[in-house]
Amino acid sequence: GAVVSQHPSWVICKSGTSVKIECRSLDFQATTMFWYRQFPKQSLMLMATSNEGSKATYEQGVEKDKFLINHASLTLSTLTVTSAHPEDSSFYICSARDRQGGTEAFFGQGTRLTVV
Amino acid sequence: KNQVEQSPQSLIILEGKNCTLQCNYTVSPFSNLRWYKQDTGRGPVSLTIMTFSENTKSNGRYTATLDADTKQSSLHITASQLSDSASYICVVSPTVNTGTASKLTFGTGTRLQVTL
């Protein structure tokens, strides 16, 4: 099946710093990628939809200036958590849909962010 | 509001036993229903995906059923193994996929623990 790679798998950063998370589709092109956030024992919550070559669409309540999304190519989307605070500590997951369409969404392995 | 409800919330079974997880949804119009397995600290991995016209789909020891009339789905795990311990998430796609992004609706998951 298609592979989506997320990097890093985990990161610890100091409060006030910024952290960038990468999401790559390794063997297919993805015009659309999705960024999710997951708190312990809760379901995935969609943060934003990332469209290649255009601005991301953010879900209600998600600060676009805090969670910067860039989708510069068909195989890479990045999520930057700016001026991170402890409450931003969470599990961040991306998913990608094949450019050719289809009904599958392939998920990355997730990034555990801890802000201290 | 479109919702996906899963039961039970958690389940403990002995290795080798079978179990069935339930998913009820109110998402409409409905395109497809997916079951994912999510290990702790990892991204979801697809187990099965069914369109509204399919009643059952198997993937090894995993068998998913779908009743689009009653809006219910189940995931049956046969001869459970310790490695089956994970969260199982039911996900519904609310629109017909035309190659553009459609938001997935996630259930809260069932946490399965398989013990000796």
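It should be noted that the structure appears before, not after, this text.
Residues numbered from 1 in each chain as written. Chains lettered and ligands numbered in written order. Predicted model: local features only at pLDDT ≥ 70, side-chain atom pairs only at ≥ 80, totals over all residues. Heavy atoms only, no water.

> Is there a simple way to think about the overall build of chain A in this case?
Of regular secondary structure, chain A possesses zero helices and 11 strands. Walking chain A from its N terminus toward its C terminus, one meets helices and strands in the order β-β-β-β-β-β-β-β-β-β-β. Its C-alpha atoms give chain A a radius of gyration of 13 Å, within 12% of the compact-globule value 13 Å for 116 residues. Dimensions of chain A, computed from the C-alpha atoms along their principal axes, are close to 40 × 25 × 20 Å. The burial tally for chain A puts 50% of its 116 residues in the buried class. Within chain A, contacts between residues at least 6 apart in sequence are counted, and of these 55% link residues at least 24 apart. Of the roughly 5,600 Å² of accessible surface on chain A, a fraction of 51% belongs to carbon and sulfur atoms. Distance from the positive charge centre (11 side chains) to the negative charge centre (10 side chains) of chain A: 4 Å. (Helix = DSSP H or I, 4+ residues; strand = E, 2+ residues; numbered from the N terminus. Rg over C-alpha atoms; globule rule 2.2 N^0.38 Å. Buried < 20%, exposed > 50% of the residue type's maximum accessible area, 1.4 Å probe, protein only. Contact = heavy atoms within 4.5 Å. Areas by Shrake-Rupley, 256 points an atom, 1.4 Å probe, with all protein chains shown as cover. Lys, Arg positive; Asp, Glu negative; His and termini not counted. Charge placed at Lys NZ, Arg CZ, Asp CG, Glu CD.)

> I'm lost on the state of the cysteines in this one. Help?
Disulfides are covalent bonds that connect the sulfur atoms of two cysteines. Overall, the coordinates contain two disulfides over all chains when judged by the stated rule. Here Cys 23 of chain A is linked by a disulfide to Cys 94 of chain A, with a sulfur-sulfur distance of 2.0 Å. With the S-S bond torsion at 80°, the cross-link from Cys 23 of chain A to Cys 94 of chain A turns out right-handed. With Cys 23 of chain A in strand β3 (residues 19–25) and Cys 94 of chain A in strand β9 (residues 90–97), the pair connects residues that are 71 residues apart, well separated along the chain. For the pair formed by Cys 23 of chain A and Cys 94 of chain A, the shared burial category is buried. Paired by a disulfide, Cys 23 of chain B and Cys 90 of chain B hold their sulfur atoms 2.0 Å apart. Judged by the torsion about the S-S bond (-70°), the Cys 23 of chain B/Cys 90 of chain B disulfide is left-handed. Taken together, the residues span a long stretch of sequence, with Cys 23 of chain B in strand β3 (residues 19–25) and Cys 90 of chain B in strand β9 (residues 86–93) at a distance of 67 residues. The thiol sulfur of Cys 13 of chain A is not disulfide-bonded, and the nearest other cysteine sulfur, from Cys 94 of chain A, lies at 18 Å. Lacking any disulfide linkage, Cys 19 of chain B is separated from the closest cysteine sulfur, that of Cys 90 of chain B, by 15 Å. The class for Cys 19 of chain B is buried, based on a relative accessible area of 6%. (Disulfide = S-S within 2.5 Å.)

> Could you clarify how one ought to interpret the sheet that holds strand β1 (residues 4–7) of chain A in this entry?
Whenever strands of a sheet pair, they do so through backbone hydrogen bonds, lying parallel or antiparallel. Residues and elements named next belong to chain A. Ordered in space as β1-β3-β8-β7, the four strands form an open sheet in which the pairing is antiparallel. In this open sheet, the two edge strands, each paired with only one partner strand, are β1 and β7 (67–73). When the angles between neighbouring strand axes are averaged without regard to direction, this sheet yields 15°. Bridge analysis of β3 against strand β8 (residues 76–81) gives six bridges, and the strand direction is antiparallel. Bridge pairing in β8 places Cys 23 opposite Ser 77. (Pairing = 2+ DSSP bridges. Axes fitted to C-alpha atoms, helices over the stretch in contact; angles between N-to-C directions.)

> Is there a simple way to think about the interface of chain A and chain B in this case?
In many analyses, interface size is given as the accessible surface area lost on bringing the parts together. Every contact between the two is made by 22 residues of chain A and, on the other side, 22 residues of chain B. The contact between chain A and chain B buries some 1,800 Å² in all, and 52% of this surface belongs to carbon and sulfur atoms. The interface formed by chain A and chain B includes zero salt bridges. Here chain A and chain B share four residue pairs in polar contact (both at pLDDT 80 or more) between them. Taken together, the elements giving at least two residues each to the side of chain A that touches chain B come down to β4 (32–38), β5 (45–51) and β9 of chain A. For the side of chain A that touches chain B, the element with the most residues is β4 of chain A, which contributes four residues. Partitioned by chemical class, the residues of the side of chain A that touches chain B number eight nonpolar, 10 polar and four charged. (Buried area = accessible area lost by both parts, 1.4 Å probe. Salt bridge = Lys/Arg side-chain N within 4 Å of Asp/Glu carboxyl O. Polar contact = N/O pair within 3.5 Å; in protein donor to acceptor, adjacent residues only side chain to side chain. Nonpolar A, V, L, I, M, F, W, Y, C, P; charged D, E, K, R; others polar.)

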